[in-house]
Amino acid sequence: MNKNQFLWGASTSAFQAEGAYLEDGKGLGTVDVRVVPEGIADTKIASDHYHHFEEDLLAMKELGLNVYRFSFSWSRIMPDGHTVNEKGLAFYDKIIDRCLEYGIEPLPTLYHFEMPQALVDKEGGWLSKSTIEAYASYAKTCFERFKGKVKTWVTINEQLIVSAASDLHGIHAQSEEESMKNMYQISFNMSIAEKKAMQILKQIDPESKIGPVCSIQIVYPNSCDPKDICASYDAEEMMMYSLLDMSVFGHYPKRYTSYLKARGWLPSVSKEEENLLKSIRPDFIGINYYFPLTVKAPGKDHDFSKLPPFWRSTLFEVTDNPYLEKSEWMPNGMDPMGLYLGIRKLYDRYRLPLIITENGMAYSDRFEDGNIHDSYRIDYLDAHIQKIKQAIEEGYPVFGYCPWSLIDLVSSHQGFGKRYGLIYVDRTDTDEKECARIPKDSYYWYRERIKKGF
Ligand code: BG6
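Okay, so let's go over this structure. In this text the structure is predicted, and so the values were computed from the model without any measurement.

1. A look at the overall build of the protein
And then number 1: Counting secondary structure elements, the protein contains 16 helices and 15 strands.
And then number 2: Its C-alpha atoms give the protein a radius of gyration of 21 Å, near enough to 22 Å, the size a compact globule of 454 residues would have.
And then number 3: Projected onto its principal axes, the C-alpha positions of the protein cover 55 × 50 × 50 Å.
And then number 4: Contacts spanning at least 24 positions in sequence make up 77% of the contacts within the protein whose residues lie at least 6 apart.
And then number 5: On the protein, roughly 17,900 Å² of surface is accessible, and the fraction owed to carbon and sulfur atoms is 52%.
And then number 6: Of the side-chain charges in the protein, 53 are positive and 65 negative, and the distance between the mean point of each set is 6 Å.

2. Describing the site of the ligand
And then number 1: Around the ligand lies a shell of 13 residues, among which Gln-16, Glu-158, Ser-412, Lys-418 and Tyr-420 are the nearest.
And then number 2: A distance of 2.9 Å separates an oxygen atom of the ligand from a polar side-chain atom of Asn-157.
And then number 3: In this structure, an oxygen atom belonging to the ligand sits 3.4 Å away from a side-chain N or O atom of Ser-411.
And then number 4: Its free accessible area being 380 Å², the ligand has 89% of it covered by the protein chains.

3. A closer look at the packing of aromatic side chains
For any pair of aromatic rings, geometry is given as the distance between the ring centres together with the angle between the planes.
And then number 1: A full pass over the atoms with the stated rule returns 33 aromatic pairs.
And then number 2: The interplanar angle of 90 degrees and the centroid separation of 5.9 Å between the aromatic rings of Phe-284 and Phe-399 together place this pair among those described as edge-to-face. Here the residue Phe-284 occupies a position in the loop between α13 (271-279) and β7 (285-288), and Phe-399 occupies one in strand β13 (residues 398-401), the gap between them amounting to 115 residues. You'll find Phe-284 and Phe-399 in the same group, each marked buried.
And then number 3: Members of the aromatic cluster, joined through ring pairs, are Tyr-50, Phe-53, Tyr-68, Phe-70, Phe-72, Phe-91, Tyr-92, Phe-143, Phe-146 and Trp-153.
And then number 4: Arg-263 extends its terminal NZ or CZ atom over the ring of Tyr-259, reaching a point 3.8 Å from the ring centre.
And then number 5: The ring of Tyr-340 carries Lys-387 above its face, with NZ or CZ at 5.3 Å from the centroid.

4. Here we look at the pattern of salt bridges
And then number 1: Counted according to the given criterion, the structure contains 31 salt bridges.
And then number 2: A salt bridge links Glu-236 to Lys-345, with the nearest nitrogen and oxygen atoms 2.8 Å apart. Within this pair, whereas Glu-236 is found in helix α11 (residues 226-248), its partner Lys-345 is found in helix α14 (residues 336-350), the two being separated by 109 residues in sequence.
And then number 3: Judged by relative accessible area, which is 29%, Lys-345 ranks as partly exposed.
And then number 4: Where Asp-408 meets Lys-440, a salt bridge forms, and the shortest distance between an N and an O atom there is 2.7 Å.

5. Some thoughts on the sheet that holds strand β8 (residues 293-296)
And then number 1: Read from one edge of the open sheet, 3 strands run β6-β8-β9, paired in mixed fashion. Every other strand in the sheet has two partners, leaving β6 (219-221) and β9 (317-319) as the edge strands with one partner each. Going from strand to strand, the sheet's axes swing by 45 degrees on average, the running direction of each strand aside.
And then number 2: Note: β6 against β8, 3 bridges, orientation parallel. By the bridge assignment for β8, Pro-221 is matched with Val-295.
And then number 3: Taken strand by strand, α11 contacts β6 and β8, and its axis lies near 170 degrees from that of β6.

6. Let's talk about the state of the cysteines
And then number 1: What the rule picks out here adds up to 0 disulfides.
And then number 2: The thiol of Cys-230 is unpaired, and the distance to the nearest cysteine sulfur, on Cys-224, comes to 15 Å.
And then number 3: Free of any disulfide, Cys-402 has its nearest neighbouring cysteine sulfur in Cys-99, separated by 11 Å.
And then number 4: By relative accessible area, which is 0% here, Cys-402 ends up buried.

7. Let's talk about a nonpolar patch on the surface
And then number 1: A cluster of nonpolar side chains, Leu-22, Leu-28 and Val-33, forms an exposed patch at the surface whose accessible area comes to about 230 Å².
And then number 2: Position of Val-33 among the secondary structure elements: in helix α2 (residues 30-33).

8. Quick notes on the side chain of Thr-152
And then number 1: Position of Thr-152 relative to the elements: it lies in strand β4 (residues 152-157).
And then number 2: With a relative accessible area of 2%, Thr-152 lands in the buried category.
And then number 3: Polar contacts involving the side chain of Thr-152 include one to the side chain of Glu-105, which spans 2.8 Å.

Cut-offs used in this document
- Residues numbered from 1 in each chain as written.
- Predicted model: local features only at pLDDT ≥ 70, side-chain atom pairs only at ≥ 80, totals over all residues.
- Heavy atoms only, no water.
- Helix = DSSP H or I, 4+ residues; strand = E, 2+ residues; numbered from the N terminus.
- Rg over C-alpha atoms; globule rule 2.2 N^0.38 Å.
- Contact = heavy atoms within 4.5 Å.
- Areas by Shrake-Rupley, 256 points an atom, 1.4 Å probe, with all protein chains shown as cover.
- Lys, Arg positive; Asp, Glu negative; His and termini not counted.
- Charge placed at Lys NZ, Arg CZ, Asp CG, Glu CD.
- Near = heavy atom within 4 Å.
- Polar contact = N/O pair within 3.5 Å; in protein donor to acceptor, adjacent residues only side chain to side chain.
- Phe/Tyr/Trp six-rings, centres within 6.5 Å; stacked < 30°, edge-to-face > 60°.
- Buried < 20%, exposed > 50% of the residue type's maximum accessible area, 1.4 Å probe, protein only.
- Lys NZ or Arg CZ within 6 Å of the ring centre and 35° of its normal.
- Salt bridge = Lys/Arg side-chain N within 4 Å of Asp/Glu carboxyl O.
- Pairing = 2+ DSSP bridges.
- Axes fitted to C-alpha atoms, helices over the stretch in contact; angles between N-to-C directions.
- Disulfide = S-S within 2.5 Å.
- Patch = residues over 30% accessible without salt bridge, like charges linked within 9 Å, V, L, I, M, F, W, Y side chains within 5 Å.

See the structure below:
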């Protein structure tokens, strides 16, 4: 990475883009076996990137990108969790070699919501120590194979989200209590695995950089009532600092620790694990940012039961923010200021370089006269880039920006009705068609924005 060159990129992830879910020796991934609601696209074909990658990479080159943030499919590289599939690695050889030929730095994520289902079925997945070892061995395989070509690595994408979502990590608990306990143990085990990967990389290729990607959760208090202020701090700690403190410092924040302990959810740590957690720090932090949250101190009658597990806390209650513009797919509001605040908060706490690895606007895009006029997305991206510019001018070391997503992808849970791409993929949830690529207005706008630079 040229230190002085800002990285302009775009993001995808393997299970959301590639398709070819059983081709060339790929094994079943956790996301391939989940039950998808009727009428919603699954991972079998996704955006068919596996067969369109040449076209997609050419579109990146023409867009002027100098970084591509994507992920390896763990189940393509290690179908049973242990045995290497040469054809799987060969696919990423092609992607990486073409990126380098086009002057695009490859920025792969090792684990983005997808892993071999065999590890869950046979070994208990992320609840087992053997999956930690399987991840370390998978990471080692990738580091050795792509040494000299990949200079920057991401360990885990959005640990908070994946440790909470049973359809992504594949472990289905028998009760609510068990699923809460599992979430914290799974997350802890991922932290151990991440540190092992960092250590292995530094042995194989000491010059390479490695870091986590965090779905940063900026949280506003609903009012200036000190109880709401404390609730917003608790929520940020629960959803953001707990993960990053572990990645950077090797421990959880105090109040988070005592909250988990009081409920019997605090994973036990051996001396060896404690040493490992504190032995190494990431080189950078990747930021995924879509929207902020607003919370208040929980009311007496607040019903937690239907909330996502990481919002199911007795310390805060998510509420509406009337100051933010909302849309169908962005009900929590759109807020570039949240990204600016996130950059400041993360840098001031961790003093590490930052890269925006995801940021984007979901919309049910429509064809009009053969084009997709997504001015709403242009406005969203432009406003967020403005805030990054401000942060950089004020001295914050943000070294790259990758909107989500390069092409339309199957959304993590809502299929193709919810799109983020700069490039339209012509398929619907129920009709795959040819998956033809059509650049949206935002693609052409982003090309000019990259040329302009900061
Ligand atoms: C991030 C993930 O959480 O947000 C992506 O890293 C995901 O995988 C993206 O697709 C948008 O979320 P969704 O649920 O709208 O697809």
